[in-house]
Amino acid sequence: MENNNYENNNQRNRMPEEPNNRGDKRNGNNGHNNGNNGGSNQRPGGGLWTVLFIGSIIAFFIFMMIRTMMPQDLNVIEYSEFVRMIDAGEVSEVVIGADRITIVPAEKEGSGVSNPFFPQSVKYLYTGKVEEDDTLTARLLEKDIKVSGEIPDNSGEVWYFLLTTVLPIGLMVVLTIVLFRKMTKGGGMGGFMNVGKNNAKVYVQKETGITFKDVAGEDEAIESLQEVVDFLHNPDRYVKIGARLPKGALLVGPPGTGKTLLAKAVAGEAKVPFFSLTGSDFVELYVGVGASRVRDLFQEAEKNAPCIIFIDEIDAIGRSRDSKYGGGNEEREQTLNQLLAEMDGFDGKKGIIILAATNRPEILDKALLRPGRFDRRIIVEKPDLKGRVEILKVHAKDVLMDETVDLDEIALATSGAVGSDLANMINEAAINAVKEKREFVSQKDLFNAVEIVLVGKEKKDRILSEQERKIVSYHEVGHALVSALQKNSEPVQKITIVPRTMGALGYVMHVPEEEKYLNSEAELKDMLVGLLAGRAAEELVFDSVTTGASNDIEKATSIARSMVTQYGMSKKFGLIGLETVESRYLDGRVVMNCADETAAAVDEEVMKILKESYDEAMNLLKDNREIMDKLAEYLIQKETITGKEFMEIYCKEKGIPVPEPKTETMKKDRAKNAEEEKESADGEAEDREEKEVSDATEADADNKTSDADDTNEATESTQSTGDDDSDDSDSEGPVLTGKDADFASELKNRLYK
């Protein structure tokens, strides 16, 4: 049982974020990619044949070694037996060798008739040399035994030497060469010779396919990065006034807010080489490899300047050298020192910009964060209401949706969500629409997707007993009823007792009516009362309690402790900070910075606040017991009811009219504003047309007036000239009047023009 308030409980389970395409094969990777595509031209199955060939050679070598170590013949007799056989006449021939004597026994009579087709093989006996060859030869000749000497054949020794000495050494050399080539072929992380080379991927604008238009909800971060990109495109405008190119920008924010997406957008907008790698790429087994890779990275960057270097999760190598944050790792410190030296050493005029992303800025080394290395710290916070609407629009632009979809309501219901959460919700809604065999996504699909991300899917195989269903029903109705009775609580959107995969047996979904950035003390206290109302309902109805309120108690304790230690809302302690948040962008872990006695007093104050809230919840439920019973009975029958159904039953029992939800009022206001804007735009268009017509009419009238004025002026000028001529010549000329004067004036004006 869980009272899920998305806005006020930011420590919630999140669906895993989609992978960021780090393993994508890109056609534009050049030599700086250090052989990422190495081995792609190998023939399929070639590696298998190589392994089989090498294995057969090793097996043959082992067989020869075993054969060499085993005795070649087991027919060895003692020398005394050999002497006895000579005296007994049982030897027909003897071959004296360098280190042994080969004995051919004499055939016994009656051993059988020999078969010419299947001759019997001769059995040889061997013994070692004891006597001198002359003494043995004399003894054998005395017994009329055939004696011969063994002529040594050195060819066998040569093959023996080749098989036992040369072949193993050659095989080891070949295997070493093959393994060495395998290690050096890939380069980068896999290459032994290239172990100190940087393995950053180099992207160009076409490869990312992402621009600032694809990023929404982070206008301030986009503006800061746009200035950097504009500096790369138009450096003269900034250099003229004396501005310098920022050496680095650190993107800081919670997971899922779009830090890596912003970096990809920079790559798409900059149109310059973009080196992308993670902090873990600098960490290797061998000492000094990280520092070597940093040096090589900046050397490549200087060759390709202007360019951008993006290091994701820089806290892997930028961790503070202070022992408090795990300092003392020699390899990481060498890598960090080299990074500090390179960032402080290269000239900013070359156009090298370093972008880095992290969600743990508090553990980064202070020397890394100072201006001159990272000149800008760009905060990528969780989006507000407007930002969430824009993010939903970006992710919904390729999704077919019907006319019931209102992204503003979804944005209100997902207060505290980040971009990855919203993208996941849109995708879940589309999947749900396909599952229900519909061609368009509806508003119901979106709200179901919000629930899936928030509390998981419905667990249909979990069947509760009647008693458990009743307990869960009263528990959730207790939450919802207290919310309706309080002034500062958020309205109920949905109540359900259907179990979910994330462990909740039921929950109440609240949707805020408007975006809030501050919470008053009264709102926090009402929140505590609402959280503890489920346990109060159980105790009031069943006179016992269950384990279902564990999550509610955890949330209430966290809020009450923050009121005492961080917000200064305790009369006993006043305005004093007793806790410090260390991991603000991850789990929000806090550390007490007070004495043990003070910590014990804090616990007592927290228990006091929770006790007061629990008593208030109990009193509210006692005063409205009949309404709670009817709501619980209705919920047991329906299993899931909407906030509208809940308010109808509540208002009917209270005898008051059902208030119109503020969201509906906001929706009507938005529609009204849209109509007014449309009418205003149409009116402005009509005014512009009328103004253009009147301006054209006035222009025609002005032209006619100016023509008439020019004609009158020409007439007066003509008359004046005529008077002057008459005065000069002392004779009267013809004077033009009427139409003749007008014609003459017009003719003169045309000639003049």
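Residues numbered from 1 in each chain as written. Predicted model: local features only at pLDDT ≥ 70, side-chain atom pairs only at ≥ 80, totals over all residues. Heavy atoms only, no water.

1. Describing the overall build of the protein
Note the cut-off: Each helix is a run of DSSP H or I of at least 4 residues and each strand a run of E of at least 2, with the numbering of both proceeding from the N terminus. Burial status follows relative accessibility: with a 1.4 Å probe on protein chains alone, a residue under 20% of its type maximum counts as buried, one over 50% as exposed, and anything between as partly exposed. Any two residues having at least one pair of non-hydrogen atoms within 4.5 Å are treated as being in contact. Per-residue and other accessible areas follow the Shrake-Rupley method at a 1.4 Å probe size, with only the shown protein chains counted as cover for residues.
When helices and strands are counted, the protein shows 23 helices and 16 strands. Looking at the protein residue by residue over its 753 residues, the buried ones come to 38%. Sequence-distant contacts, at least 24 apart, represent 76% of the contacts inside the protein between residues at least 6 apart. Here the protein displays about 44,100 Å² of accessible surface, and carbon together with sulfur accounts for 53% of that area.

2. What about the environment of Gly478?
Inspection of the secondary structure puts Gly478 in helix α16 (residues 466-485). A residue is classified by how much of its surface remains accessible, and Gly478, at 0% relative accessible area, is buried. Note: C-alpha distance between Gly478 and Ala533 (55 residues apart in sequence) is 5.3 Å. Discounting residues that sit within four places of it in the chain, Gly478 has contacts with Ala533, Ala537 and Leu621.

3. Observations concerning the sheet that holds strand β2 (residues 91-96)
Backbone hydrogen bonds are what pair the strands of a sheet, in a parallel or an antiparallel way. Condition: By definition, two strands form a pair when at least two bridges between them are found by DSSP. For helices, the fitted axis covers only the stretch in contact; all axes are lines through C-alpha atoms, and the angles between them, taken along N-to-C directions, range from 0 to 180 degrees.
An order of β4-β3-β2-β5 is seen for the four strands of this open sheet, with the pairing classed as mixed. Strand pairing shows two members of the sheet lacking a second neighbour, β4 (125-128) and β5 (146-149), which therefore form its edges. The mean inter-strand angle of the sheet, taken between neighbouring strand axes irrespective of direction, is 25 degrees. Note: strand β3 (residues 100-105) against β4, four bridges, orientation antiparallel. In the strand pairing of β4, Ile103 is matched with Leu125. Sheet strands touched by helix α2 (residues 79-88): β2, β3 and β4. Its angle to β4, the strand with the most contacts, is close to 120 degrees.

4. Some remarks on the packing of aromatic side chains
For clarity, the threshold we go by: The pairing test for Phe, Tyr and Trp rings, Trp by its six-membered ring, is centres within 6.5 Å, and the orientation test on the planes gives stacked under 30 degrees, edge-to-face over 60, and tilted for anything in between.
A complete count under the given rule lists five aromatic pairs for this structure. Aromatic pair Tyr79 and Phe82: ring centres 5.6 Å apart, planes at 65 degrees, arrangement edge-to-face. Here Phe82 and Tyr79 lie together in helix α2, a separation of three residues that amounts to about one turn. There is no split in this pair, since Tyr79 and Phe82 are both buried. For the ring pair Tyr474 and Phe542, a centre distance of 5.7 Å and an interplane angle of 90 degrees mean the geometry is edge-to-face. With Tyr474 in helix α16 and Phe542 in helix α17 (residues 521-542), the pair connects residues that are 68 residues apart, well separated along the chain. Overall, Tyr474 belongs to the buried group, its relative accessible area being 8%.

5. Quick notes on the pairing of β3
Where β2 and β3 come together, five bridges link them in antiparallel fashion. Looking at the pairing, Val91 lines up with Pro105 of β3.

6. Observations concerning the nonpolar core
Applicable threshold: Side-chain atoms within 4.5 Å link the members of a nonpolar core, which is a set of buried Ala, Val, Leu, Ile, Met, Phe, Trp, Tyr and Cys residues.
Counting 49 residues, the largest nonpolar core has Ile495 and Leu528 as its most contacted members. Taken together, the elements giving at least two residues each to this core come down to α16, β12 (492-496), α17, α18 (550-565), α19 (596-623), α20 (625-638) and α21 (643-654). Here the element with the most residues in this core is α17; it accounts for 10 residues. Excluding its chain neighbours within four sequence positions, the residues that come into contact with Leu528 are Ala556, Ile559, Ala560, Met563, Ile609, Leu610 and Ser613.

7. A look at α21
Stated precisely, the cut-off is as follows: Here the expected span of a helix is defined as 1.5 Å times the quantity of residues minus one.
Counted at 1.5 Å a residue, the expected span for α21 with its 12 residues is 16 Å, and the 16 Å between its end C-alpha atoms agrees. When α21 is considered as a whole, its buried residues turn out to be Gly643, Phe646, Ile649, Tyr650 and Cys651. Those residues of α21 that are buried are in contact with α16, β12, α20 and β16 (640-642). Just beyond α21, the residue with positive phi is Gly655, at close to 75 degrees.

8. Re a negative patch on the surface
As a reminder of what qualifies: The patches described consist of residues with a relative accessible area above 30% and no salt bridge, like charges being joined within 9 Å and nonpolar side chains (Val, Leu, Ile, Met, Phe, Trp, Tyr) within 5 Å. We define a salt bridge as a side-chain nitrogen of Lys or Arg found within 4 Å of a carboxyl oxygen belonging to Asp or Glu. Counting rule applied: Lys, Arg positive; Asp, Glu negative; His and chain ends not counted. In plain terms, the charge of a residue is placed at NZ if it is Lys, CZ if Arg, CG if Asp and CD if Glu.
A surface patch of negative charge is lined by Asp219, Glu220, Glu223 and Asp384. For Asp384, the location among the structural elements is in the loop between β11 (376-379) and α12 (385-396).

9. Some words on the environment of Leu531
Locating Leu531 in the fold gives a position in helix α17. We classify Leu531 as buried; its relative accessible area is 6%. Separated by 51 residues in sequence, Leu531 and Ala480 have C-alpha atoms that sit 9.8 Å apart.

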